[in-house]
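Summary of the model geometry
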Amino acid sequence: MIIKPRTRGFICTTSHPVGCAAQVQEQIDYVLKQPGIQGPRNVLVIGASTGYGLSARIAAAFGARANTVGVYRPSQGTEKRTASAGWYNSAAFEQAAEAAGLKSFSVTGDAFTEETKAKTVELIKKELGEVDLVVYSVASARRTLPRTGETVSSVLKPIGQSYTNKTVNFHTGEVTEVTIEPATEEEVRNTVEVMGGEDWELWIQALSEGGVLADNVTTIAFSYIGSEITKAIYRDGSIGQAKDHLEETALKLNETLAARGGRAYVTVSKALVTQSSSAIPIVPLYVSALYKVMKEKGLHEGCIEQIYRLFADRLYAGKDVPVDEKGRIRIDDWELREDVQQEVAELWSKVDSDNIEDLTDLAGYRREFFQLFGFETDGVDYDADVNPIVENPKAI
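The numbers attached to residues start from 1 for each chain and follow its sequence in the written order. With the structure being a predicted model, the display of local features is reserved for residues of pLDDT at least 70 and the display and counting of side-chain atom pairs for 80 or more, all residues being used for whole-chain, interface and lining totals. Note: side-chain values were computed over all heavy atoms of the structure, leaving out hydrogens and water.

Some words on the sheet that holds strand β5 (residues 104–108)
Paired through backbone hydrogen bonds, the strands of a sheet run either parallel or antiparallel to each other. In short, DSSP must find at least two bridges between two strands for them to pair. Strands here mean DSSP runs of E at least two residues long; helices mean DSSP runs of H or I at least four residues long; both are numbered from the N terminus. The seven strands are arranged β5-β4-β3-β6-β11-β12-β13 in an open sheet whose pairing can be described as parallel. Either end of the sheet is taken by a strand with one partner, and the two such strands are β5 and β13 (329–330). Where strand β6 (residues 131–136) and strand β11 (residues 213–223) come together, five bridges link them in parallel fashion. Along β11, the bridge assignment pairs V131 with L213. Here helix α10 (residues 303–315) sits on the sheet in contact with β6, β11, β12 (263–268) and β13, set at roughly 130° to β11. In what follows, residue pairs with any heavy atoms lying within 4.5 Å of each other are defined as contacts. Inter-axis angles, ranging from 0 to 180 degrees, are taken between N-to-C directions of lines fitted to C-alpha atoms, where helices are fitted over the stretch in contact.

What follows is the structure in structure tokens.
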């Protein structure tokens, strides 16, 4: 099959196995060029196939020589349809880990279910004994609640009143004004159910009851705060309520785990191109302006650079982990620098459809979006006939 990108809004419905593998290797190569990390030995990554979860698995394995277990949704390809990028990423990681002599295992399934949790506990028990780092990196639009069986969906809306601001169609570069109506109370509640901290806590409970948490275990989950530009739609919106709940859960877990020498943190990261962020009005335009400024200042980081800095300079630096007044680890510090935000705000006030390519890094945003699915990767022949069926023998 000759695989080309097919898009539907903010979704690419195809992915390229060779491109995905090349990008995984690029992340591995980056980590191998950095000083080694005196870090975890056995790591569980829940949501391990893309984004921060994938980068955390790579940094742990190739930076700290850790054994890893990854949990992600199954998505095998067929002769007529490609697998997900996450499937190809994970298969490439497993192959590279095996070649490097590292233990790695995958559990495929819905991370929200008790079945997936039980399978993961049994695997850890059998293969590793226990884990000393648990990374929770699940981003989903819906969740079936274990206590009721009801499936609820998250929304990305402001709270209290409608919100109007600029947005961009990143495929065409057209800048328009968008108005987003406020979330209902039920929508806010459901967003917290999907994207809050309840499932993270359930995972830690299942691992603890299964006897597979090391006494000194660390667990982290990811959050975002962002700038004044995105505040109404993100941190002050429905998703912000979910992030508040996630951060409250971290404090609760930290108290619970402290008795065994463990710790729990929420890590606040910078804005990046992800499939989730591409779906949020206003955010692609903000990220395009942010990339322009941060690249010009030599401050830009992608997922792997952020995660390596998190591990090497925060979690495993051999000293007390620096946190803010709410107990959060901040690796969004460069994004929120006063000079960075001031320049982004200046660009925001000027940008329109005619000047967007000059004032922002929309081209970089667009390229990174397609790279999420294995496209626009240097050195890959996209006119070559490739097999969309990629086996992952480590996947359970």
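Here's the deal with the environment of S162
Locating S162 in the fold gives a position in the loop between β8 (151–153) and β9 (163–169). Beyond its immediate chain neighbours, meaning those up to four positions away, S162 contacts T179, I180, E181 and P182.

Details of the UniProt feature "active site" (unreviewed entry) in the protein chain
UniProt positions are given in the numbering used here, feature names are shortened, and annotations may be inferred rather than shown by experiment. Under the present numbering, the feature "active site" (unreviewed entry) in UniProt falls on Y234. Using a 1.4 Å probe on the protein chains alone, a residue whose accessible area is under 20% of its type maximum counts as buried, one over 50% counts as exposed, and one in between counts as partly exposed. Classification of Y234 as buried rests on a relative accessible area of 11%. Setting aside residues up to four positions removed in sequence, Y234 forms contacts with Y224, I225, I239, G240, K243 and I280.

Quick word on the packing of helix α1 (residues 17–32) against helix α3 (residues 85–99)
Put simply, α1 and α3 touch, their axes get as near as 8 Å, and they point 50° apart. In this view, α1 runs oblique relative to α3, as classed from their interaxial angle. In this structure, the crossing between α1 and α3 has a hand that is right-handed. Note on element contacts: α3 touches α1 through A85, Y88, N89, A92, F93 and A96, opposite P17, C20, A21, V24, Q25 and I28. By definition in this entry, angles of less than 35 degrees are roughly parallel, angles greater than 145 are roughly antiparallel, angles of 65 to 115 are roughly perpendicular, and the rest are oblique. Two helices that cross are described as forming a left-handed crossing if the nearer one is turned anticlockwise from the farther one by less than a right angle, and a right-handed crossing if clockwise.

Focus on the side chain of S227
Tracing the backbone through its elements, the reader meets S227 in the loop between β11 and α7 (238–258). When its relative accessible area of 5% is taken as the criterion, S227 is described as buried. If we ignore the near neighbours within four places in the chain, the residues touching S227 are Y286, L336 and Q341.

Looking at the pattern of salt bridges
Salt bridge, as used here, is a side-chain nitrogen of Lys or Arg placed within 4 Å of a carboxyl oxygen of Asp or Glu. According to the stated counting rule, one finds 28 salt bridges in the structure shown. One salt bridge connects R309 with D333, and the closest N-O pair in it is separated by 3.2 Å. One end of the pair, R309, is in helix α10; the other, D333, is in the loop between β13 and α11 (338–350), and 24 residues separate them in sequence. In this structure R309 comes out as buried when scored by relative accessible area, which is 6%. The partly exposed category is assigned to D333, whose relative accessible area is 30%. Put simply, E357 and R366 hold a salt bridge, and the shortest N to O gap is 3.3 Å. A residue is classified by how much of its surface remains accessible, and E357, at 43% relative accessible area, is partly exposed. Several salt bridges share partner residues, and in doing so they unite R235, D244, E247, D324, R328, R330 and D332 into one network.

Focus: unusual backbone geometry
Positive phi, close to 85°, is recorded for I282, a residue that is not glycine. Along the chain, I282 falls in the loop between α8 (275–278) and α9 (283–296). With relative accessibility at 0%, the residue I282 sits in the buried group. A positive phi is found at E376, a non-glycine position, where the angle reads about 55°. As for its position among the elements, E376 is in the segment after α13 (362–371). Relative accessible area serves as the criterion here: at 35%, E376 is assigned to the partly exposed category.

A short note on the nonpolar core
The set of buried Ala, Val, Leu, Ile, Met, Phe, Trp, Tyr and Cys residues whose side-chain atoms join them within 4.5 Å is what this entry labels a nonpolar core. Membership of the largest hydrophobic core comes to 81 residues, with the highest contact counts inside it found for Y286, L310 and F311. Here this core gets nine residues from one element, more than from any other, and that element is α9. When near neighbours in sequence (up to four residues on either side) are disregarded, Y286 contacts Y224, S227, I229, T230, A271, E335, Q341, V344 and W348.

Digging into the pairing of β9
Note: β9 against strand β10 (residues 174–180), seven bridges, orientation antiparallel. Note on β10: the bridge partner recorded for N169 is E174. Count of turn residues in the β9/β10 antiparallel hairpin: four residues, of which G173 carries a positive phi of about 85°.

Side note on helix α5 (residues 185–195)
Owing to its 3.6 residues per turn, the α-helix brings residues three or four apart onto one side. Buried within α5 are the following residues: V188, N190, T191, V192, V194 and M195. Looking at the packing, one finds that the buried side of α5 touches β7 (142–144), β8 and α7.

Considering the packing of aromatic side chains
Side-chain rings of Phe, Tyr and Trp (the six-membered ring for Trp) are treated as a pair once their centres are within 6.5 Å; stacked means planes under 30 degrees apart, edge-to-face means over 60, and tilted covers the remaining angles. Within this structure, the stated rule accounts for eleven aromatic pairs. One Lys or Arg, R143, reaches over the ring of F112 and ends 5.4 Å from the middle of that ring. Whether a charge sits over a ring comes down to the Lys NZ or Arg CZ being within 6 Å of the ring centre and within 35 degrees of the ring normal. Over the face of the ring belonging to W334 we find R309, whose NZ or CZ atom lies 3.8 Å from the ring centre.

Regarding the pairing of β12
One face of the sheet, then the other: side chains in a regular strand alternate in exactly this way. For β12, the tally of buried residues reaches six of six residues, placing the bulk of the element in the interior. Burial of β12 is two-sided: the residues R263, Y265 and T267 facing one way and the residues A264, V266 and V268 facing the other way are all buried. Across six bridges, the pairing between β11 and β12 is parallel. What sits directly across from I220, in β12, is Y265. Orienting the strands away from the viewer, one traces the path from the first strand over the helix to the second; a clockwise path indicates a right-handed crossover. With respect to chirality, the unit in which β11 leads through α7 into the neighbouring parallel β12 is right-handed.

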